[in-house]
Every structure is written in C-alpha cells, then in structure tokens.
Amino acid sequence: MPSEQHMSLQTDDDQRLIRRMAEGDAAAIGLFYDRYGQLIFSVALRITGDRGSAEEVTQDVFLRLWQHAARYRTERGSLVTWLLTITQRRAIDELRSRRGAIRRREVELSETLPVSPEPDLAALLHLRTDLQQALAELPSAQREAIELLFFRGLSRQEIADQTASPLATIHTRLRLGMEKLRAIFLQHEQDSESATG
Amino acid sequence: MEQGDNVVMCPHPYCDEIAVGLAALALGAELTPEEQRRVLTSLATCARCRRRLDDFAAIARTLPLVVPEAAPPPALRERIVAAVQRTAASQPDPPPVTRRRSARLRWMVSRPALAIVLALMLLFGVAQQRELARQQEHISQQQAQIEQQKTQAARNAVIVLAAFGNDDALEGLLESTDGTNQASGRFFISPGAPAVALYVKHLPIPPAGMQYQAWIVSDGRTISAGTFGVNADGRAWRLTQPTEPLIVVERVFITLEPQEGSLQPSGPEYLTGFPSR
Ligand SMILES: [Zn+2]
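None of the values given here were measured: they were computed from a predicted structure.

1. Let's talk about the overall build of chain A
Then, in step 1: Across its full length, chain A carries nine helices and zero strands.
Then, in step 2: When the helices and strands of chain A are read in sequence order from the N terminus, they spell out α-α-α-α-α-α-α-α-α.
Then, in step 3: The buried share among the 197 residues of chain A stands at 56%.
Then, in step 4: About 8300 Å² of surface is accessible on chain A, with carbon and sulfur atoms providing 50% of the total.

See the structure below:
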C-alpha cells in the first residue's frame, strides 16, 4: 500500500503521466506502476488469493490503462478509484472463471456517462483508515457477508450455503453492514466539507 | 452532499427491503428480475433510495483500499513495461472527440438522476459496453459506427433521465391484453420532454420478419413509440423520444408488426397499460 506521503503526490502528476501514455510514451507506464503497482497488486492478491493470478491481473489492469489512456477524462476525478474498480472486477472474473462459473464479465467502465466527483487522494487515505476501522467494528457476520460478496464474488445464495444461514439472514447482514459503512462514509463527507469550509 | 434529500419521505413502505437490492447491486451481485424491477421503480420515485445507491456505490469504489499491503515481485514492473512496449507499435486510441458533448451532458445531469443512470448501467449497460469495447479493437474501419453508438448511448441516457427524473413523469404497468400470454412490463413517460422508457419481459420471440411496436394513445391519437425485438428471454428495453408532444397519455400498448414497423397498429395486441398517476 502506498504511504501517505507517496499517495499525496499531486494528481497533476497522474494527469501528466496519462497524457504521456496517450502520446505513446511506454516509460510513463513504469512511472505509473511505481506509484500504484503495489496497491493494485495488493487488491488483486486479496481477491484471487494467489500471487500468480494477482500478477496476471495487475498486468492486465496496467495494459488496460495503457489502452484507455487517450480516452481517460482528465476532468473526471480520482484515477485511483477507477483503477481499483477495474482491478476488483477483473480479479473477481479471474476467481469465477477458476470456479468454472459460466459468465465472464467484460471489464469496461462508462466512458460516455458522467460519474460523481471523487474525493481527492488525501481524503481517500483518510477514508481508508475510517473504512478499515468501521469494517473492524462491524459484527463479524456482517463483515463476512460483505467480504464474501465483494472480495470473493459469491452470489447471495452461495454465501447462505457457505455460512449455513438462511438467505434472508444474509440479506439483513448485507443491508445492516452497508448502512453502518454508509454512516461512517457520510460522517466523513461532512467532516471534510466542514474542513474545507 | 445534497441538502433536503434527507427530509424526503420514502413513498415505499419497503424502503429497507429495497436497500438489500441496492447493497447487492453496488457490491457487484446479480439481482433477480423481481429485484431489478423493484429497484428501478424505487429509484424512479424515491430520493432516499437514490441517495442510498449513490452512497453504496461510492463505498464500493473505495472498499478495495482496505486490503492488507502486499509487495509484488520486483520483476513484475519490467514485465508490464515490456508488454506495453510490445503493444506500443499499435498506437493507443486516438483522443476523444466526444468531449464537448459529454461535458454538456454532465452539466444537465442532476445528482439524484446519476443513481438511476448508475443502476441502469449496472443492470443493462454491460452488453452495450461489451459491444463497444469489442468494436474498438477494430477501430480504424468502424470509427464512424462507434461514434454513432456513443451518440446513441448518450442520447439514451438523456431519455432515461427525462422519463425517470422529471416531476411530471408518468409510470404504469403493462399487462397481457387478453390474459393469454405471460408477458408483462412497465413504462415511464415524460409528457413534456417527451421521452418514453419501456421495459418488457416474457414476450414470445417474434416470427421471422416481424417485430414488436409500442404505441401511445395521447389525446385521442395513436402515436408510435418505435419497434423493438426481444432477447432469448423475451426481454427488452426501449427508449424513445416521440416526435409529437404527448399531451395526455391515455394508454400504452404493444402489438406485433412487420419488421419495418407500421404507421398505425395492425397486428395482434400483446400488452396494454394505463398511467397510474
Ligand atoms: Zn425508497
């Protein structure tokens, strides 16, 4: 995971590197890797659970970034969440295809539709700490339900089977867990708003 | 954060139940058809549900940040740079030419409407996005076609927003006209804009050379809302902007017509529905 100092590098630098990639400068991808490679790899490893697959996913994500660099919208906000979303989906696909699940999702993010503005990097780092803490404070069954869905790509029925719980119980756990995280998230948003005036 | 949304009362007695579907949707789970229907209905009518999806989606975007730190092998960097250099011969995509239009679209979009677009993208946009991605591989020959599809995607978003997001939007259920088929559906209409969003399921696959056509009875006249096919499950989404204003929407119905569509309904009627408000 990048250090605070590392991640608080100006987003200007990200945009500059993206522009260089768009112009076909392959060295820029290496510099970009220095900044986010460990983060992407960590997420891929957490989901796939093995280093070989995590490396493959990481490589895919960076190739995808390279291919999409020219279409990336500089005004769109944080690149980090874009990368994280691709990584999560790509890694879940890897897991599912390994499990023999039939459907393989194409990882493709909206290019013509607007997305909500993202918090900047410093706010993201702060949010990460808060989310980690909030997750740790969740009742373990709620945390487990969210993690099996998001980090393992299981269906809700599969979670019910695996945890020997009724489906309705899984639904309640997901809802309560997400509501708790949301409360933290909103508190966070409020704090950063009052901090910036 | 939007002030005021917090005090909007949810018109649904089952808002908490919908939250399950919203959480599942944001975290990447598949929804059942019944869940899809209820989620979209709530998003169209309930500010609290829209806020909730918006927040859940933002959490899902940042959730990967909480994973424990792990160091990649040092050789990975070189492998990635080398792989990129191999593809560098085939240049990356040309710069976007849709930028101006997209900026305008963003300006028109309100924050609550984003939740609906987000849900529609998650639920129904995957196939279209996949098609776009595949075609972009053959970018040189098909640039024009891609641009057209992008324009269509942007236009669809505008129609959805108009049909779902306006205060004067109408909605209603579509039911089997004579009770002999299993088909059903739902429509959203913005009379002022005018824009129509239509969702049907369990329609029989039309015979060769035939298509379904949607019709709106407005102020005593029958106006076409376009033709459409269905997928293998008999499902379809149809988004249109009728050229004539829809003064008073009296009824919506769907008939089977020749491939090229008809000026006035001529084939058998499958579905019918009335605005509920
Ligand atoms: Zn609601």
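2. Some words on the pairing of strand β2 (residues 184–190) of chain B
All names here are of chain B.
Then, in step 1: Across the seven residues that make up β2, a large majority, six, are buried.
Then, in step 2: Summarising the sheet, strand β1 (residues 170–176) and β2 pair through six bridges and their orientation is antiparallel. Pairing of leucine 174 across the sheet is with glycine 185, part of β2.
Then, in step 3: As paired strands, β2 and strand β3 (residues 195–201) are joined by seven bridges and run antiparallel to one another. Bridging across to β3, glycine 185 finds its partner in valine 200.

3. Some remarks on the pattern of salt bridges
Then, in step 1: The full count for this structure, using the stated rule, is 15 salt bridges over all chains.
Then, in step 2: Two residues, B:Asp55 and A:Arg182, come together in a salt bridge whose shortest N-O distance is 2.9 Å. Of this pair, B:Asp55 sits in helix α3 (residues 47–62) while A:Arg182 sits in helix α9 (residues 167–195), placing the two residues on different chains. Take B:Asp55 and A:Arg182: they sit in the same class, and that class is buried.
Then, in step 3: Notably, a salt bridge pairs B:Arg251 with B:Glu269, separated by 2.9 Å at the nearest N-O pair. Highlighted residues: B:Arg251 in strand β7 (residues 249–258) and B:Glu269 in strand β8 (residues 269–273), separated in sequence by 18 residues.
Then, in step 4: With relative accessibility at 22%, the residue B:Arg251 sits in the partly exposed group.
Then, in step 5: Several salt bridges converge on common partners, so that one network encompasses A:Glu179, A:Arg182, B:Arg51, B:Arg52 and B:Asp55.

4. Some details on the nonpolar core
Taken as a class, soluble globular proteins show a tendency for nonpolar side chains to be buried jointly.
Then, in step 1: Core analysis: the biggest nonpolar cluster contains 82 residues, and A:Met21, A:Ile29, A:Phe32, A:Leu65, A:Leu83, A:Leu181 and B:Leu27 have the highest contact counts within it.
Then, in step 2: Broken down by element, the residue count for this core peaks at twelve residues, all from helix α3 (residues 27–48) of chain A.
Then, in step 3: Setting aside anything within four residues of it in sequence, one finds A:Leu83 in contact with A:Phe32, A:Tyr36, A:Ile40, A:Val61 and A:Leu65.
Then, in step 4: Core analysis: the next-biggest nonpolar cluster, separate from the first, contains 24 residues, B:Phe187, B:Tyr212, B:Ala214 and B:Leu246 among them.

5. Brief notes about the sheet that holds β2(B)
All names here are of chain B.
Then, in step 1: In space, the eight strands of this open sheet follow the order β5-β4-β7-β8-β1-β2-β3-β6, with antiparallel pairing throughout. The two strands at the open ends of the sheet, each matched to only one other strand, are β5 (221–228) and β6 (236–240). Neighbour-to-neighbour, the strand axes of this sheet turn through a mean angle of 20 degrees, independent of strand direction.
Then, in step 2: As paired elements, strand β4 (residues 210–218) and β5 share six bridges and run antiparallel to each other. By the bridge assignment, glutamine 213 is partnered in β5 with threonine 227.

6. A few points about the confidence of the model for chain B
Residue and element names in this part refer to chain B.
Then, in step 1: Taken residue by residue, chain B gives an average pLDDT of 72. The fraction at 70 or more is 62%.
Then, in step 2: Confidence, read as mean pLDDT per element, is least for helix α5 (residues 99–108) in chain B (34) and greatest for β8 (93).
Then, in step 3: In this model residues 124–132 is a low-confidence stretch, pLDDT under 50, and it forms 18 contacts with partners more than four residues away in sequence or in other chains.
Then, in step 4: Both scores are given for the predicted complex: the pTM is 0.58, the ipTM 0.80.

7. Digging into helix α8 (residues 156–163) of chain A
Residues and elements named next belong to chain A.
Then, in step 1: Regarding α8, the residues found buried are Arg156, Ile159, Ala160 and Thr163. Angularly, the buried residues of α8 cover 100 degrees about the axis, an arc narrow enough to put them on a single face. Exposed and facing more than 90 degrees away from the buried side of α8 are Asp161 and Gln162.
Then, in step 2: Count one or two residues on from α8 and you reach alanine 164, which has phi positive near 50 degrees.

8. Topic: unusual backbone geometry
Of all residues except glycine, most have a negative phi; of all peptide bonds, most are trans.
Then, in step 1: One non-glycine residue, A:Ala164, lies in the positive phi region at around 50 degrees.
Then, in step 2: Residue classification places A:Ala164 among the exposed residues on the basis of a relative accessible area of 73%.

9. A look at the packing of aromatic side chains
Then, in step 1: Taken as a whole and judged by the stated rule, the model has five aromatic pairs over all chains.
Then, in step 2: Ring centres 5.4 Å apart and planes at 55 degrees place the aromatic pair A:Tyr33 and A:Phe62 in the tilted group. Of this pair, A:Tyr33 sits in helix α3 while A:Phe62 is found in helix α4 (residues 51–68), placing the two residues 29 residues apart along the sequence.
Then, in step 3: The class of A:Tyr33 is buried, set by a relative accessible area of 8%.
Then, in step 4: What makes A:Phe62 buried here is its relative accessible area of 1%.
Then, in step 5: Through successive ring pairs, a cluster of aromatic residues spans B:Tyr212, B:Phe228 and B:Tyr270.
Then, in step 6: The aromatic ring of A:Phe151 is capped on one face by A:Arg46, whose charged end is 4.5 Å from the ring centroid.

The rules behind each value
Residues numbered from 1 in each chain as written. Chains lettered and ligands numbered in written order. Predicted model: local features only at pLDDT ≥ 70, side-chain atom pairs only at ≥ 80, totals over all residues. Heavy atoms only, no water. Helix = DSSP H or I, 4+ residues; strand = E, 2+ residues; numbered from the N terminus. Buried < 20%, exposed > 50% of the residue type's maximum accessible area, 1.4 Å probe, protein only. Areas by Shrake-Rupley, 256 points an atom, 1.4 Å probe, with all protein chains shown as cover. Pairing = 2+ DSSP bridges. Salt bridge = Lys/Arg side-chain N within 4 Å of Asp/Glu carboxyl O. Core = buried A, V, L, I, M, F, W, Y, C linked by side-chain atoms within 4.5 Å. Contact = heavy atoms within 4.5 Å. Axes fitted to C-alpha atoms, helices over the stretch in contact; angles between N-to-C directions. pLDDT = per-residue confidence, 0-100. Arc of directions from axis to C-beta. Phe/Tyr/Trp six-rings, centres within 6.5 Å; stacked < 30°, edge-to-face > 60°. Lys NZ or Arg CZ within 6 Å of the ring centre and 35° of its normal.

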